[in-house]
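Structural description and commentary
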Amino acid sequence: MALLSVILPSYNEEMMVERAGERLGQLLEGEKIKFELIFVDDGSKDATWSKIEEMAKRYKYIRGIHFSRNFGKEAAIFAGLAEAGGDCSVVMDCDLQHPPETVIEMYRRWEEGYEVVEGVKRSRGRESLGHKASAGLFYKIMTKATGIDMSRASDFKLLDKRAVAALLDMPERNAFFRALSSWIGFKTTTVKFDVQPREAGESKWSTWSLVKYAVTNIAAFSSVPLQMVTVAGVFMFIFAVIMAVESLVRYFGGHALEGFTTVILLLLIIGSLVMMSLGIIGYYISKIYEEVKGRPRYIISRTAGIKNRALQVVDSCYNEKEIE
């Protein structure tokens, strides 16, 4: 029987990890699917890890990974994929805003032969106006920069073990899972879902964190900002030529420009563009520096549960059995 690995990145989710583990466990048991749940604690400051340890003692199909500090959601996803032993793996949020029932639909599509099953948002659920606007702007920027439609994309998706291996073979440290999982190709389909309201706790995504997330992942996946520097330079060159021609015509016509307003404005515009361009180039150089150093994406400080153990479902009897 095929094994399904469910990876749940967790950060300060002490109120949700237990609910997620029990809900998924009951659902997958009822569907007679052999599975394991892998919770990745991304350096939480609350009792998230102790909750995961308790669950790992109660349920043999639950495993836990604890980071030495907060490395970010992308690192948590890749750590879970690296530790997964399943024939296919699902990545989903442990706050249950990704509906667990959709996991079953994804698994059935995988059984039909699809190797990547993308979770596509039918609706974004209840959000504040400010958060919805900032999220909309974020996805528009990401779509333009990456060339991939990110308007309804999410980290909620199923990957066959071949697709997982392709992702893990990529040596880059600043990886953008949501875009890379689409970039690798393979036989792909989509399933739609409605974002569910959080049952407890608060969202960890603020407007500022979305901005930082966008900047980091655009630089990690696309060179569009560098191309924008070149485009801005071309436009400024054309503008400078036009201004030069106008100045020469006025000069030889005896109507030279009066004052320094135009010169000052040009200096301010050009100076601002130069500084912005240097900032963009500097950011890319810093990312190159990080890649060259070759530091690991994450550091695992502790684990819970037994690797290569899952829930084997056989004819309505639930037997803990070591995976061959």
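What this report covers is the structure whose coordinates are included nearby. (Residues numbered from 1 in each chain as written. Predicted model: local features only at pLDDT ≥ 70, side-chain atom pairs only at ≥ 80, totals over all residues. Heavy atoms only, no water.)

1. Examining the overall build of the protein chain
Put simply, the rule reads: Each helix is a run of DSSP H or I of at least 4 residues and each strand a run of E of at least 2, with the numbering of both proceeding from the N terminus. The buried label goes to any residue with under 20% of its type's maximum accessible area, the exposed label to any with over 50%, and the partly exposed label to all in between, with areas taken from a 1.4 Å probe on protein chains only. By definition, residues are in contact when any of their heavy atoms lie within 4.5 Å. Per-residue accessibility takes into account occlusion by the displayed protein chains alone, with areas from the Shrake-Rupley method and a 1.4 Å probe.
Along the protein chain, the regular secondary structure elements total 10 helices and 10 strands. Burial analysis of the protein chain (324 residues in total) assigns 43% to the buried set. In the protein chain, the share of contacts with a sequence separation of at least 24, taken over all contacts with a separation of at least 6, comes to 81%. For the protein chain, the accessible area works out to roughly 17100 Å², and carbon and sulfur atoms hold 59% of it.

2. Some points on the nonpolar core
Let me state the cut-off plainly: The set of buried Ala, Val, Leu, Ile, Met, Phe, Trp, Tyr and Cys residues whose side-chain atoms join them within 4.5 Å is what this entry labels a nonpolar core.
Counting residues in each nonpolar core, the largest one holds 35 residues, and the members touching the most others are Leu-4, Leu-8, Leu-28, Leu-37 and Phe-39. Sort the elements by how many residues they give to this core and helix 4 (residues 101-111) lands first, with five residues. Those residues in contact with Leu-28, other than ones at most four positions away along the chain, are Leu-4, Val-6, Ile-33, Phe-35, Leu-37, Val-103 and Ile-104. Counting residues in each nonpolar core, the second largest holds 25 residues, with Ile-7, Phe-67, Phe-78 and Leu-180 among its members.

3. Quick look at the packing of aromatic side chains
The test is simple: Here a Phe, Tyr or Trp ring, Trp counted by its six-membered ring, pairs with any other such ring whose centre lies within 6.5 Å, and the pair is stacked when the planes are under 30 degrees apart, edge-to-face when over 60, and tilted otherwise. Remark: a charge is flagged as sitting over a ring if the NZ atom of Lys or the CZ atom of Arg is within 6 Å of the ring centre and within 35 degrees of the ring normal.
In the structure shown here, the tally under the stated rule is six aromatic pairs. Measuring from ring centre to ring centre gives 4.7 Å for Phe-35 and Tyr-61, while their planes differ by 55 degrees; the resulting arrangement is tilted. With Phe-35 in strand 2 (residues 34-41) and Tyr-61 in the loop between helix 2 (48-58) and strand 3 (62-67), this pair connects stretches of sequence that are 26 residues apart. With respect to burial, Phe-35 and Tyr-61 carry one shared label: buried. Measuring from centroid to centroid gives 5.2 Å for Phe-156 and Phe-193, while their planes differ by 80 degrees, and the two rings are edge-to-face. Placement of the pair is Phe-156 in the loop between helix 5 (129-146) and strand 6 (157-160) and Phe-193 in strand 7 (residues 188-194), with a sequence separation of 37 residues. The two residues Phe-156 and Phe-193 agree in class, both being buried. Members of the aromatic cluster, each reached through a chain of ring pairs, are Phe-35, Tyr-59 and Tyr-61. Here Arg-69 stacks its cationic end above the ring of Phe-71, 3.9 Å away from the centre of that ring.

4. What about the packing of helix 1 (residues 17-30) against helix 2?
For clarity, the threshold we go by: Where helices are involved, their axes are fitted lines through C-alpha atoms of the stretch in contact, as for all axes, and angles between N-to-C directions lie from 0 to 180°. Note on angle classes: values under 35 degrees are labelled roughly parallel, values over 145 roughly antiparallel, values of 65 to 115 roughly perpendicular, and the remainder oblique. Each residue is assigned to one of three groups, with Ala, Val, Leu, Ile, Met, Phe, Trp, Tyr, Cys and Pro labelled nonpolar, Asp, Glu, Lys and Arg labelled charged, and all others, Gly among them, labelled polar.
Where helix 1 meets helix 2, the closest approach of the two axes is 9 Å, and the angle between their N-to-C directions is 30 degrees. The orientation of helix 1 with respect to helix 2, classified from their angle, is roughly parallel. Of the residues in helix 2, those in contact with Val-17, Glu-18, Gly-21 and Glu-22 of helix 1 are Thr-48, Lys-51, Ile-52, Met-55 and Arg-58. A per-class count over the contact of helix 1 with helix 2 returns three nonpolar, two polar and four charged.

5. Some thoughts on helix 1
Counted only if it meets this: One fewer than the residue count of a helix, multiplied by 1.5 Å, yields its expected span. The arc in question is formed by the directions pointing from the helix axis toward the C-beta atoms.
Compared with the 20 Å implied by 1.5 Å per residue over 14 residues, the 20 Å span of helix 1 between its first and last C-alpha is a close match. Along helix 1, the positions that sit buried rather than exposed are Val-17, Ala-20, Gly-21, Leu-24, Gly-25, Leu-28 and Glu-29. Relative to the axis of helix 1, the buried residues are bounded by an arc of 140 degrees and lie together on one face. A positive phi of about 60 degrees marks Lys-32, the residue just after helix 1.

Nothing here speaks to function; it is geometry throughout.
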